[in-house]
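If you want the building blocks of each chain, they are given just below.
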Amino acid sequence: MEQKITSISYANDITLITLSSLPSGKAVSQVLTTFAESGINVDMISQTAPQGGSVRLSFTVSDRDLGQALTILGQLSGGDKSLSPEILPGNSKIVFFDADMVNTPGVAAKVFSLLSGAELQIMLVTTSDADISILVSAHEAGDALHVMRNAFGVTPVEAEF
C-alpha cells in the first residue's frame, strides 16, 4: 500500500519544555493540571518509561505563554534543582495526517526517511492513529515543509496553536 499524507499543517512560535528527572506518579499529573488551571494549552506530550523512580517529560506550549510557564515551573520545583526545566523556544510543529494511516504501514518510516535525508533534526515526536506530529527548529521548518510538499503533493496550511 502506498504511504500517503492528505493533510499537512504547521504552527510556529512553539516552546519545548523538558523536565528530565520528574518523579513518577502524581508529578506528571500535577504539572499538567497546574498548566491547565493557569489557562495554558499543553500539546505534544511525551513521557519516557520510568527509570529509577523518575521519568523524562517533554511537552510544548505556545511561545506567547513562555513567561507564565516559567513562573509555574518555578513554583512547581520549589527550588528543587532536579526539576530544572530545559526550555527551547522558537520552534515549529508540523502535523502530517491521513485517515488511512492506521492501516498503512511505512508512513512514519517515509516521513522520517525524508527528513533524515534532508538532514533535518526532529526534536520531539507524538503520534496518533491518523497523524504524526513533529517539532523542528523554526529555521528548519521551511525546509521540512518543502520536502514534505514535494514528496506527498500536499500544500501545508498554517494552523493556530
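This section reports on the structure supplied with the text. What you see is a predicted model, and the numbers here were worked out from it, not measured in a lab.

### Some thoughts on the overall build of the chain
The helix and strand tally for the chain stands at 4 helices and 7 strands. The secondary structure elements of the chain, listed N-terminal to C-terminal, are β-α-β-β-α-β-α-β-β-α-β. When the backbone C-alpha atoms are referred to their principal axes, the chain occupies close to 50 × 30 × 30 Å. Classification of the 161 residues of the chain by burial places 41% in the buried group. Restricting the contact set of the chain to residue pairs at least 6 apart, pairs at least 24 apart contribute 78%.

### Topic: helix H2 (residues 66–77)
An ideal rise of 1.5 Å per residue puts 16 Å on 12 residues; H2 measures up with 16 Å between its terminal C-alpha atoms. Taken together, the buried residues of H2 touch strand S1 (7–23), helix H1 (26–37), strand S3 (54–62) and strand S4 (85–97). With its phi angle positive at about 55 degrees, Gly78 sits one or two positions after the end of H2.

### A short note on the pairing of S3
Burial of S3 is extensive: 7 of the 9 residues sit out of reach of the surface. Judged from the 8 bridges that link them, S1 and S3 form a sheet pairing that is antiparallel. Opposite Leu22, over in S3, you have Val55 as the bridge partner. Across 3 bridges, strand S2 (residues 43–47) lies against S3 in antiparallel orientation. What sits directly across from Gln47, in S3, is Leu57. Two successive antiparallel strands, S2 and S3, enclose a turn made up of 6 residues, where Gly52 displays a positive phi of approximately 60 degrees.

### A closer look at the pattern of salt bridges
Close approach of charged atoms lets side chains of opposite charge pair. All chains considered together, the criterion is met by 3 salt bridges. Here Lys4 makes a salt bridge to Asp100, at a shortest N to O gap of 3.9 Å. Pair noted here: Lys4 is in the segment before S1 and Asp100 is in the loop between S4 and helix H3 (107–117), with a separation of 96 residues, a long-range link. A salt bridge links Asp43 to Lys93; its shortest N-O distance comes to 2.3 Å. Within this pair, whereas Asp43 is found in strand S2, its partner Lys93 is found in strand S4, the two being separated by 50 residues in sequence. Given the relative accessible area of 14%, Lys93 is considered buried.

### Structural notes on the nonpolar core
Core analysis: the biggest nonpolar cluster contains 20 residues, and Ile8, Ile94, Phe96 and Met148 have the highest contact counts within it. Those elements giving two or more residues to this core turn out to be S1, S4, H3, strand S6 (131–137) and helix H4 (138–152). In terms of residue count, H4 provides more of this core than any other element does, 6 residues in total. Dropping the residues within four chain positions of it, Phe96 is found in contact with Ile5, Ser7, Ile8, Met101, Val111, Ala130, Asp131, Ile132, Ile134 and Met148. In this structure, Val42, Val55, Ala69 and Ile72 belong to the second largest nonpolar core, which totals 17 residues.

Cut-offs and rules
Throughout this document, residue positions are counted from 1 along each chain, in the order its sequence is written. Reporting of local features is limited, given that this is a predicted model, to residues whose pLDDT is at least 70; pairs of side-chain atoms are given and counted only at 80 or more, and all residues count toward the totals for whole chains, interfaces and linings. Hydrogens and water molecules were not included; the side-chain quantities draw on all heavy atoms of the structure. A run of H or I in DSSP becomes a helix once it reaches four residues, and a run of E becomes a strand once it reaches two; helices and strands are each numbered from the N terminus. Accessibility here uses a 1.4 Å probe with only protein chains present; expressed as a share of the type maximum, an area under 20% marks a residue as buried, one over 50% as exposed, and anything in between as partly exposed. Residue contacts are defined here by distance: any two heavy atoms, one from each residue, within 4.5 Å place the two residues in contact. Multiplying one less than the number of residues by 1.5 Å gives the expected span of a helix. What makes two strands pair is DSSP finding at least two bridges between them. The term salt bridge refers to a side-chain nitrogen of Lys or Arg lying within 4 Å of a carboxyl oxygen of Asp or Glu. Only buried residues count toward a nonpolar core, which is a set of Ala, Val, Leu, Ile, Met, Phe, Trp, Tyr and Cys residues joined through side-chain atoms within 4.5 Å.

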